[in-house]
Amino acid sequence: MSGPRIRDGRFSRSETTRAEAFSDGVFAIAVTLLVLGLHDPPHQPGGLGHALVEQWPAYLGYLASFSYVAVIWLNHHQAFVRISAMDRGLHAANLFLLFTTGALSFPTAVVADALRADTQGADARVAVALYAGLAAAMCLSWVAFYQWLAWRPELLAPDVEPSYVSHGLLRSWAGALAYALAGALGALVTPLLALAVFVILPVFYFVTSEGLPTAAARGTGKTTGSERP
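Figured I'd write up the structure that's included with this text. This structure is a prediction, so every number in the text was calculated from the model and none was measured.

A short note on the side chain of Arg152
Here Arg152 lies in the loop between helix H6 (122–151) and helix H7 (164–188). At 3.0 Å, the side chain of Arg152 and the side chain of Asp87 are in polar contact.

Below you can see the structure in the form of structure tokens.
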């Protein structure tokens, strides 16, 4: 059953339960699709070890993409413990986020196949640019999500820390720029440089999932996040 609705002009606001449940389902499907890229490689008798090593791009792609989806889920959870109601605009921003997340398995597979063929070839350069483009779009979906909350602060719980939305916007813009730069470097310099960024950036989002540290928080050893789970 859906939660109680609150009339808001022509449209209704509702509780977050259905949006959270649907989102968790999409995240689960997204990580399941990623693991489908790992398979028993064709090989001659006695050549399994070599064949497994040769598909290292698939392992690296899985690591980078699973980590990305994992921190998206974590940040999504941290967002929804602070959101008290949903309206049409926030639903749209959330669906944009899920749209980009669900598509991540496609560039992951493209990158793995291209790198197996030639780590420095033209196809590998195009592949990492494709991955970087989608990853940047995922960051921009978070920009839309946080920007809507900035415009509609009444959707947030009353005790949300004042810096939460602004820090979320900053982190999202930083990620979009970092992925765009990684794609450019991968296409123009070497795809391996882009891969390094793809693996490192999820670590940044994990560490800052409760918000960016402030001067006051650094002095007390705490972050700007709340103590809620």
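So, next bit.
A look at the pattern of salt bridges
For the coordinates displayed, the defined rule picks out four salt bridges. One salt bridge connects Arg82 with Glu161, and the closest N-O pair in it is separated by 2.7 Å. Taken as a pair, Arg82 in the loop between helix H3 (56–80) and helix H4 (88–102) and Glu161 in the loop between H6 and H7 lie far apart in primary sequence, 79 residues in all. A salt bridge links Asp87 to Arg152; the shortest N-O distance between them is 3.0 Å. Here Asp87 is found in the loop between H3 and H4, whereas its partner Arg152 is found in the loop between H6 and H7, with 65 residues between them in sequence. A cluster of three or more residues bridged by salt bridges with shared partners is formed by Asp87, Arg152 and Glu154.

Parameters and conventions
Residues numbered from 1 in each chain as written. Predicted model: local features only at pLDDT ≥ 70, side-chain atom pairs only at ≥ 80, totals over all residues. Heavy atoms only, no water. Helix = DSSP H or I, 4+ residues; strand = E, 2+ residues; numbered from the N terminus. Polar contact = N/O pair within 3.5 Å; in protein donor to acceptor, adjacent residues only side chain to side chain. Salt bridge = Lys/Arg side-chain N within 4 Å of Asp/Glu carboxyl O.

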